[in-house]
Amino acid sequence: MKFIYFLLITFILFSFQKSSTIDELNKIVDNWHQAASEANFDDYFNAMDDSFVFLGTAPGERWGKKDFSIFSKPYFDKGQAWSFKAYNRHWQLSKNMKIAWFDEDLETWMEDCRGSGVMVRSKGKWKLAFYNLTVLIENEKIKEFIALRKK
């Protein structure tokens, strides 16, 4: 009977830890998006790990943190970065709770998009290590989209 209580308490504690970790991660990603919408350069880039990679929607758009910050700085300086409103976010956590990955639906100026990302925990802090922004296109519109891209 003691073993059953032990398992139950362990399960409850793990569930609580996982839930509070996901709450923390949601706050970080929400603040990251908010920093961009407010053109807050420091908060936006400080949320990223030094190894951060951003995949944008344009072909060939693969940015490391340094190059992405150089590209983005003029937009932030003008107070006109980008505004993504996230909803429907899903998280997965590694067993050791040091890596988390997510996908989220986004309302953007490009209409509906999807983002996916990876967070890493290092030195007691979560940082964004990877983000991939994707424009959504319905399957029945793909041929028209391919033709448009070839123009």
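Our structure is the block above this text.
Residues numbered from 1 in each chain as written. Predicted model: local features only at pLDDT ≥ 70, side-chain atom pairs only at ≥ 80, totals over all residues. Heavy atoms only, no water.

**Description of the pairing of strand S5 (residues 111-122)**
Pairing between strand S4 (residues 99-108) and S5: 10 bridges, direction antiparallel. Looking at S5, one finds that Ala100 is bridged to Met119. Hairpin connection of S4 to S5: 2 residues between the antiparallel strands. Here 10 bridges tie S5 to strand S6 (residues 125-135), and the two strands are oriented antiparallel to one another. Note that in S6 the partner of Cys113 across the bridge is Val135. Between the antiparallel neighbours S5 and S6 lie 2 residues, among them Lys123 with a positive phi of about 55°. (Pairing = 2+ DSSP bridges. Helix = DSSP H or I, 4+ residues; strand = E, 2+ residues; numbered from the N terminus.)

**Side note on a nonpolar patch on the surface**
Among the surface-exposed residues, Ile142, Phe145 and Ile146 lie close enough to one another that they form a single nonpolar patch of about 210 Å² accessible area. The residue Ile142 is located in helix H4 (residues 142-150) in this model. Classification of Ile142 by relative accessible area gives partly exposed; the value is 31%. (Patch = residues over 30% accessible without salt bridge, like charges linked within 9 Å, V, L, I, M, F, W, Y side chains within 5 Å. Areas by Shrake-Rupley, 256 points an atom, 1.4 Å probe, with all protein chains shown as cover. Salt bridge = Lys/Arg side-chain N within 4 Å of Asp/Glu carboxyl O. Buried < 20%, exposed > 50% of the residue type's maximum accessible area, 1.4 Å probe, protein only.)

**So, unusual backbone geometry**
For Ala39, which is not glycine, the phi torsion reads 55° and is therefore positive. Of note, Ala39 is situated in the loop between helix H1 (2-37) and helix H2 (41-46). The residue Met97 is not glycine, and still its phi comes out positive at about 60°. Looking at the element boundaries, Met97 is found in the loop between strand S3 (85-93) and S4. The exposure class assigned to Met97 is buried, which follows from its relative accessible area of 10%.

**Quick notes on the environment of Ser83**
Considering the arrangement of structural elements, one finds Ser83 in the loop between helix H3 (65-77) and S3. Judged by relative accessible area, Ser83 falls into the partly exposed class, the value being 47%. Ignoring any residue separated from it by four or fewer positions in sequence, one finds Ser83 in contact with Ser37, Glu107 and Thr108. (Contact = heavy atoms within 4.5 Å.)

**Topic: the pairing of S4**
In the sheet, S3 pairs with S4 via 7 bridges, with the strands oriented antiparallel. For Tyr87, the partnering residue across the bridge sits in S4 and is Asp105. The turn linking S3 back onto S4 is made up of 5 residues, and Met97 within it adopts a positive phi angle of 60°.

**Overview of H3**
Relative to the 18 Å expected for 13 residues at 1.5 Å per residue, H3 spans 17 Å between its end C-alpha atoms, a close match to the ideal helical length. The largest bend in H3 is about 35°, located at Phe71, with the proline Pro74 one to four residues further on. Listed in full, the buried residues belonging to H3 are Lys65, Phe68, Ser69, Ser72 and Phe76. (Expected span 1.5 Å × (residues − 1). Bend = angle between axes of the 7 residues up to and from the residue.)

**Looking at the packing of aromatic side chains**
Under the criterion given, the structure shown has 21 aromatic pairs. Look at Trp63 and Phe68: their rings are 6.2 Å apart centre to centre, the planes differ by 45°, and that puts the pair in the tilted class. Given the relative accessible area of 2%, Phe68 is considered buried. Above the plane of the ring of Phe41 lies Lys73, whose end atom (NZ or CZ) is 4.8 Å from the centre. (Phe/Tyr/Trp six-rings, centres within 6.5 Å; stacked < 30°, edge-to-face > 60°. Lys NZ or Arg CZ within 6 Å of the ring centre and 35° of its normal.)

**Description of the nonpolar core**
Tyr44, Met119 and Tyr131 are the most contacted members of the largest nonpolar core, which has 31 residues in total. Secondary-structure elements contributing two or more residues to this core are H1, H2, strand S1 (48-55), H3, S3, S4, S5 and S6. Sorting elements by how many residues they give to this core places H1 first, with 6 residues. Contacts of Tyr131, omitting those with residues within four sequence positions, involve Trp32, His33, Phe52, Val53, Phe54, Leu55, Phe102, Glu104, Leu106, Gly115, Ser116 and Gly117. (Core = buried A, V, L, I, M, F, W, Y, C linked by side-chain atoms within 4.5 Å.)

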